[in-house]
Amino acid sequence: MKLRRGGDDRPLVIGHRGAAAVAPENTLAALEAGVAAGADLIEFDISPGLQLAHSHDERPAEGLHLDDALALLAATSVGLHLDVKLPGYESDVVEAVRRHGLSERALVSTAFAVSSRRVAALAPGLPVAIGYPRDRLNASRLPWPQPVQRAGAAALRSAMPARVPVLLRWARANTLSLHHTLCSSAAVATAHRLGAPVLAWTVNHPDGVRRVTSAGVDGIVSDDPEMALATLQTL
């Protein structure tokens, strides 16, 4: 799977949890909505038991299993972005991807270095992204006061270029997945020098799409992939 932007290419657009702005996240309806919106890749969460869910407490009522999601997406041409939420079942995820014949279209991400190392060992040819920062409590969705957001993000963003090599090396990852507030031209350039594409998550407003695109990211993860694509068309 080619993740790096080249020349005048636009960033890839990745539908977050299918297309969470359009349909309930991590459901068949959300996956179908992401495909219909024209996303280049469809992202979804994989919790223990290979259930599509951000966590046990946020499991969709339909209880979608990984095999169901892979069967649906195998019939399309989109790429797959599988986000492994906890350590311990990496081999089951890799086996399922292979069983459905999707190894050439799949990217695996995780916020746990132990998981990314396991995936890298199990499937050396598979793109593996380390996510940063870890967001086990879905904090990125909380309505923090804007001054708090700006101050915290600015401090961490300035430190990111130095952290990028450590993150990639420790996780044995070949792709970097950063919260959009931490994406800067310097951080992206550092990752690119190490051969790692950069994905920005979760970008749900046109201004954010424009900013991370200007920073040089290779992929944009969004709850609203149709909005992201429409914004990119204006650049």
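A brief look at the structure comes next. Worth saying up front: this structure is predicted, and the values here are computed from it rather than measured. (Residues numbered from 1 in each chain as written. Predicted model: local features only at pLDDT ≥ 70, side-chain atom pairs only at ≥ 80, totals over all residues. Heavy atoms only, no water.)

Points about the pattern of salt bridges
Heads up, the rule is: Here a salt bridge means any side-chain nitrogen of Lys or Arg lying within 4 Å of a carboxyl oxygen belonging to Asp or Glu. Segments assigned H or I by DSSP are reported as helices when at least four residues long, segments assigned E as strands when at least two residues long, and all are numbered from the N terminus. When a residue's accessible area, from a 1.4 Å probe over protein chains only, is under 20% of the maximum for its type it is buried; when over 50% it is exposed; and in between it is partly exposed.
Evaluation of the coordinates by the stated rule reveals eleven salt bridges. Here R17 and D45 are joined by a salt bridge, their closest N and O atoms 2.9 Å apart. With R17 in the loop between β1 (12-15) and α1 (28-37) and D45 in strand β2 (residues 41-46), the pair connects residues that are 28 residues apart, well separated along the chain. Under the relative-accessibility criterion, R17 is labelled buried at 4%. On the accessibility criterion, D45 (1% relative accessible area) is buried.

What about the sheet that holds strand β5 (residues 128-132)?
Whenever strands of a sheet pair, they do so through backbone hydrogen bonds, lying parallel or antiparallel. Note the cut-off: Whether two strands pair depends on DSSP finding at least two bridges between them. For helices, the axis comes from a line fit to the C-alpha atoms of the stretch in contact; other axes are also lines fit to C-alpha atoms, and the angle between any two N-to-C directions lies between 0 and 180 degrees. When checking whether two residues touch, look at their non-hydrogen atoms; a contact exists if any pair is within 4.5 Å.
Taking strand neighbours around the barrel as the criterion, the eight strands line up as β1-β2-β3-β4-β5-β6-β7-β8 in a closed arrangement whose pairing is parallel. Put simply, the sheet's adjacent strands are angled 25° from each other on average, direction ignored. Where strand β3 (residues 79-84) meets strand β4 (residues 106-110), five bridges bridge the pair, whose relative direction is parallel. Bridge pairing in β4 links V84 to T110. Against the sheet, helix α2 (residues 66-74) contacts β2 and β3, and its axis sits at roughly 175° relative to β2.

Some thoughts on the environment of A111
Among the structural elements, A111 can be located in the loop between β4 and α4 (113-122). Separated by 43 residues in sequence, A111 and A154 place their C-alpha atoms 21 Å apart. Beyond its immediate stretch of four places on either side in the chain, A111 contacts I130, G131 and R134.

A look at the environment of S158
Structurally, S158 is set in helix α5 (residues 146-171). C-alpha of S158 to C-alpha of R117: the two residues are 41 residues apart in sequence and 27 Å apart in space.

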